[in-house]
Amino acid sequence: RIGIGSLLAAALPVGLLAGPRPAGAARPPLYGLVGSHIRSHYVVINGAIAINAVSCSPSGYCMVGGEAKGASSDYGFVATIRDGAIGKFTAVPGLTLVAAMSCPQTGWCLAYGLAFAGKTSENDVSTIINGVPAKAPSNFGTNLPMRALGCESATNCFVVGSINSNGIIVPIVKGAYGKVKAKQYTGPLWSAISCTPNVASCLVIGSNTDTAKPRLPYVARINTTSMSAASAISGINAPLGIDCAFQYNCIVSGVNATSRVAETEDLQHTTVSNVKSAVVPFMFNVTCLDLDLCAALALNRGGALGIVPIKDESPGSFAQAMPIITHGSQSLIGIACQNSAHCYAVGSDTVNGTLRGVLYRFTL
């Protein structure tokens, strides 16, 4: 079975895929809330091995994707989610797992995932129209793990990551990787992308390798017709998440690799401002309803995975999303908001010795 952990190993700092609780460590309150107005509900999703992705369009149309256990083998699936209720799993032909998803408009999403091709795996994308895969997945030429997916429209999407120690951006046109060439960047390794639907603009963010001195963040502006050069910027030197509520007007989450403290920042085009520290050591993927109301996935110093709300551009108190386990593994990977009353973080947890997909529903 292809594990989502292999997709994230190169993308996230050590510790974001939580393992067993250290012997003798105190157990925090079960998905307790610490000084936050977040209201939550943690649910194990029967039939899912992992839920790796969630995306919502500006209208509030949302889908989840992941990996499920079939009668003979595991399979990648997608399902709609509304007001916390997940619909029927729909298998995505050819995909062993769905790793990322972007839904730029109601009824249309692009799913990215892995499939077996002989003895190796390959990266594929598949269009999902009204909850149903529209055609066979399209392979886009590398078996290396990619990190993020963003769509500016149902016509134009981009998968980003790294290949051979270079950053790479792969355009996906009309749901398929065709004759449009991918672009490689020397220096930055891309970790996140955010697109503003129907405005034809995306920002890609990342950093150089963790052994580089100095450690530098980079950003590139891309759209249907052009990909800018990578620009070294100030601010968080290990950015891991980005969400642009408006064109090139974004909130970034990540880690100060020197102090090992999580941070947020405002990013407009290539200009960074308002860098704020959080009370946790790691924050990664982030989602925003607008620039004043966001939330990021986080890991606290006790090893618990959860959410940090970001209000008025400042990170708030950590809210634990799932219980810390003594054996096995767990993860939080995707985050998105249908509206302020229904936000979702998805991942996996070891339940009775078996890995299961989980959904953490919260309110901002």
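Residues numbered from 1 in each chain as written. Predicted model: local features only at pLDDT ≥ 70, side-chain atom pairs only at ≥ 80, totals over all residues. Heavy atoms only, no water.

### A look at the state of the cysteines
For the structure shown, the criterion picks out seven disulfides. Shown here is the disulfide that connects Cys244 with Cys250, its sulfur atoms set 2.0 Å apart. Disulfide Cys244-Cys250: torsion about the S-S bond near 90°, hence right-handed. Across the pair, exposure class does not vary: Cys244 and Cys250 are buried alike. Between the sulfur of Cys288 and that of Cys294 lies a disulfide, 2.1 Å long from S to S. (Disulfide = S-S within 2.5 Å. Buried < 20%, exposed > 50% of the residue type's maximum accessible area, 1.4 Å probe, protein only.)

### Let's talk about the packing of aromatic side chains
Enumeration according to the criterion identifies three aromatic pairs in this entry. When the centroid spacing of 4.0 Å and the interplanar angle of 15° are considered together, the rings of Phe77 and Phe89 count as stacked. Note that Phe77 is positioned in strand S4 (residues 74-82) and Phe89 in the loop between strand S5 (85-86) and strand S6 (90-91), a separation of twelve residues in sequence. The pair formed by Phe77 and Phe89 is uniform in burial state, with each residue classed as buried. Sitting over the ring of Tyr248, Arg221 keeps its end group 5.6 Å from the ring centre. (Phe/Tyr/Trp six-rings, centres within 6.5 Å; stacked < 30°, edge-to-face > 60°. Helix = DSSP H or I, 4+ residues; strand = E, 2+ residues; numbered from the N terminus. Lys NZ or Arg CZ within 6 Å of the ring centre and 35° of its normal.)

### Observations concerning the nonpolar core
By size, the foremost hydrophobic cluster in this structure holds 23 residues, and its most contacted members are Leu297, Ile307, Leu332, Ala345, Tyr360 and Phe362. Mapped by element, the contributors of at least two residues to this core are strand S20 (238-246), strand S24 (282-290), strand S25 (293-299), strand S26 (305-311), strand S29 (331-339), strand S30 (342-351) and strand S31 (354-362). Residues contacting Leu332, with those up to four places away along its chain left out, are Phe284, Leu297, Leu305, Gly306, Ala321, Met322, Ala345, Val346 and Gly347. Listed in part, the 19 residues of the second largest apolar core include Leu114, Val125, Met146 and Val170. (Core = buried A, V, L, I, M, F, W, Y, C linked by side-chain atoms within 4.5 Å. Contact = heavy atoms within 4.5 Å.)

### Notes on the sheet that holds strand S22 (residues 261-268)
One open sheet holds the four strands; their spatial order is S20-S21-S22-S23, and the pairing between them is antiparallel. At either margin of the open sheet sits one strand with a lone partner, and together these are S20 and strand S23 (271-277). Between one strand axis and the next, the sheet turns by 20° as a mean value, whatever way the strands run. Direction of pairing for S20 relative to strand S21 (residues 249-256): antiparallel, over a ladder of seven bridges. Bridge pairing in S21 links Ile242 to Val252. (Pairing = 2+ DSSP bridges. Axes fitted to C-alpha atoms, helices over the stretch in contact; angles between N-to-C directions.)

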